[in-house]
Amino acid sequence: MEKIKFIPDGEEEAAEFFVLEQTRLQGVNYLLVTESAEETEDADAYILKDLSADEDTEAIYEFVDGDEELRTVSEIFEKLMDGVGFEIEE
């Protein structure tokens, strides 16, 4: 499982995430990530959206939090992950 480091705006310390799956929708890359490499039933997962421009040397991601976008992308990840279900916390 690939591991990425994510440094939130205003933070100095990086958070590490494990990439579970990735997809591309309407020209935008999305990552499904979790904080743990252990596959458990109740693990928290997050969807990151790639905001990088082609000329950027580092990837720029933000957490997906728009209800419609989050629902759409999570449905795609459910299909890609073959039966894994997501509960969206609002």
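Residues numbered from 1 in each chain as written. Predicted model: local features only at pLDDT ≥ 70, side-chain atom pairs only at ≥ 80, totals over all residues. Heavy atoms only, no water.

Draft legend 1. Just the sheet that holds strand 2 (residues 15–25), in detail. Spatially, 1-2-3-4-5 is the arrangement adopted by the 5 strands of the open sheet, whose pairing is antiparallel. The sheet is open, and its two borders are formed by strand 1 (3–6) and strand 5 (61–63), each paired with just one other strand. Neighbouring strand axes in the sheet, compared pairwise and without regard to direction, differ in orientation by 45° on average. As judged from the 5 bridges shared by strand 3 (residues 28–34) and strand 4 (residues 45–50), these two strands associate in the antiparallel manner. For Tyr 30, the partnering residue across the bridge sits in strand 4 and is Lys 49. Along the sheet, helix 1 (residues 67–80) makes contact with strand 2, strand 3 and strand 4, crossing strand 2 at roughly 90°. (Pairing = 2+ DSSP bridges. Helix = DSSP H or I, 4+ residues; strand = E, 2+ residues; numbered from the N terminus. Axes fitted to C-alpha atoms, helices over the stretch in contact; angles between N-to-C directions. Contact = heavy atoms within 4.5 Å.)

Draft legend 2. Representation of the packing of aromatic side chains. By the definition in use, this model includes 3 aromatic pairs. A ring pair is formed by Phe 17 and Tyr 46, whose centres lie 5.9 Å apart and whose planes are at 70°; its orientation type is edge-to-face. A residue pair is termed long-range when its members are at least 10 positions apart, and Phe 17 in strand 2 and Tyr 46 in strand 4 qualify at 29 residues. Classification of Phe 17 as buried rests on a relative accessible area of 4%. Exposure remark for Tyr 46: the relative accessible area of 26% places this residue in the partly exposed category. With 5.7 Å between their ring centres and 75° between their planes, Tyr 46 and Phe 63 make a pair best called edge-to-face. One end of the pair, Tyr 46, is in strand 4; the other, Phe 63, is in strand 5, and 17 residues separate them in sequence. Feature note: the residues Phe 17, Tyr 46 and Phe 63 constitute an aromatic cluster, connected by ring pairs. (Phe/Tyr/Trp six-rings, centres within 6.5 Å; stacked < 30°, edge-to-face > 60°. Buried < 20%, exposed > 50% of the residue type's maximum accessible area, 1.4 Å probe, protein only.)

Draft legend 3. Structural view of helix 1. Under the 1.5 Å per step criterion, the end-to-end length of helix 1 is 20 Å for 14 residues, consistent within 8% with the ideal 20 Å. Residues of helix 1 that are buried: Leu 70, Val 73, Ser 74 and Phe 77. Burial along helix 1 is one-sided: seen end-on, the buried residues are contained in an arc of 105°. With respect to the buried face of helix 1, the exposed residues turned more than 90 degrees away are Glu 68 and Lys 79. (Expected span 1.5 Å × (residues − 1). Arc of directions from axis to C-beta.)

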